[in-house]
Amino acid sequence: MVPEQITFATCTTPHGEMIAAATERGVCRLLPPGIGVEELYTWAGQHLPAARLIPAEQTDRGVQQRLERYFAGDLRDFDQPLDLYGTPFQLAVWQEVCRIPYGETRSYAEVARAIGRPAAWRAVGAANAINPVCLIIPCHRVIGADGQLKGYAGDVLSRKVLLALEQGGLPSVGTGPRSRRAPRA
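## Side note on the overall build of the protein
Argument step 1. Within the protein one finds six helices and six strands.
Argument step 2. Shown N-terminal to C-terminal, the secondary structure of the protein runs as helices and strands in the order β-β-β-α-β-α-α-β-α-α-β-α.
Argument step 3. As displayed, the protein has an accessible area near 9400 Å², and 52% of this comes from carbon and sulfur atoms.

Take a look at the structure:
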């Protein structure tokens, strides 16, 4: 059996360089600006320890083009195939987060209720914090019950910027996933 391969490359965005990684089934990681390739190696060691990580000269053009369109305000839903690794609970959370419409928000408690686990709002926050493909799974759309951004995942400022972009509050600059682990609803 041939070991799994993960190819990865840098994507350019108006907010910094992101690292996109994919298996043959789809994107498995999209790291936000400021997170280095070391995080990808750590993640691969935990989830696909037999995989070979292969740097590519450039990322798959589909990922780069979708990011460019998103930051230009021309893409509302990512349709990028994904290859997600997580617990059944995490996969359910990520799938539900993908259902949050562009420019809208939901609280951690609302996501917990939507997946049938109303008391698990803190666990929803924990799953959101380890979102493997930022932007594609729009964890920036999940907020506290008080309507405020909380610091579960990513930098609060960048979440403000992304929500402002989606809500038309920023000038133009520059999804539900498919997963072999989480069926599409």
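## Remarks on the sheet that holds strand S4 (residues 52–55)
Argument step 1. Reading across the sheet, the four strands line up as S3-S2-S1-S4 and stay open at both edges, with mixed pairing between neighbours. Single-partner strands in this sheet number two, and they are strand S3 (27–31) and S4. Averaged over all pairs of adjacent strands, the angle between strand axes in this sheet comes to 25°, irrespective of strand direction.
Argument step 2. Bridge analysis of strand S1 (residues 5–13) against S4 gives four bridges, and the strand direction is parallel. Each residue of the ladder has a partner; that of Gln-5, found in S4, is Arg-52.
Argument step 3. Running over the sheet, helix H1 (residues 37–47) touches S1, strand S2 (16–22), S3 and S4 and is turned about 145° from S3.

## A word on H1
Argument step 1. Those residues of H1 not exposed but buried are Leu-40, Trp-43 and Ala-44. Around the axis of H1, the buried residues are gathered within 100° of arc, so they sit on the same side. Those residues of H1 that are exposed and aimed more than 90 degrees away from the buried face are Glu-38 and Gln-46.
Argument step 2. The secondary structure elements touched by the buried residues of H1 are S1, S2, S3 and S4.

## Here we look at the packing of aromatic side chains
Argument step 1. This structure, assessed with the given rule, holds five aromatic pairs.
Argument step 2. Here Phe-8 and Tyr-41 contribute two aromatic rings whose centre-to-centre distance is 6.1 Å and whose plane-to-plane angle is 80°, an arrangement assigned as edge-to-face. A residue pair is termed long-range when its members are at least 10 positions apart, and Phe-8 in strand S1 and Tyr-41 in helix H1 qualify at 33 residues.
Argument step 3. Judged by centre distance (6.4 Å) and plane angle (80°), the rings of Tyr-70 and Tyr-102 are edge-to-face. Residue Tyr-70 is found in helix H2 (residues 61–71), and its partner Tyr-102 is found in the loop between helix H3 (88–98) and strand S5 (106–107); the two are separated by 32 residues along the sequence. As far as the burial class goes, Tyr-70 and Tyr-102 line up, both buried.

## Things to note about the packing of H3 against helix H5 (residues 121–129)
Argument step 1. The geometry of H3 relative to H5 is characterised by a closest axis approach of 9 Å and an angle of 80° between their N-to-C directions. When the axis of H3 is compared with that of H5, the two are roughly perpendicular. Residues Phe-89, Gln-90, Val-93, Trp-94 and Val-97 of H3 touch H5, and the partners they reach there are Ala-123, Val-124, Ala-127 and Asn-128.
Argument step 2. For the contact of H3 with H5, a count of residues per class yields seven nonpolar, two polar and no charged.

## Looking at H3
Because an α-helix completes one turn every 3.6 residues, residues spaced three or four positions apart along the sequence face the same direction.
Argument step 1. Of all 11 residues in H3, nine are buried, a share of seventy percent or more.
Argument step 2. By the burial criterion, the buried members of H3 are Phe-89, Gln-90, Leu-91, Val-93, Trp-94, Gln-95, Glu-96, Val-97 and Cys-98.

Rules of the game
- Residues numbered from 1 in each chain as written.
- Predicted model: local features only at pLDDT ≥ 70, side-chain atom pairs only at ≥ 80, totals over all residues.
- Heavy atoms only, no water.
- Helix = DSSP H or I, 4+ residues; strand = E, 2+ residues; numbered from the N terminus.
- Areas by Shrake-Rupley, 256 points an atom, 1.4 Å probe, with all protein chains shown as cover.
- Pairing = 2+ DSSP bridges.
- Axes fitted to C-alpha atoms, helices over the stretch in contact; angles between N-to-C directions.
- Contact = heavy atoms within 4.5 Å.
- Buried < 20%, exposed > 50% of the residue type's maximum accessible area, 1.4 Å probe, protein only.
- Arc of directions from axis to C-beta.
- Phe/Tyr/Trp six-rings, centres within 6.5 Å; stacked < 30°, edge-to-face > 60°.
- Parallel < 35°, antiparallel > 145°, perpendicular 65-115°, else oblique.
- Nonpolar A, V, L, I, M, F, W, Y, C, P; charged D, E, K, R; others polar.

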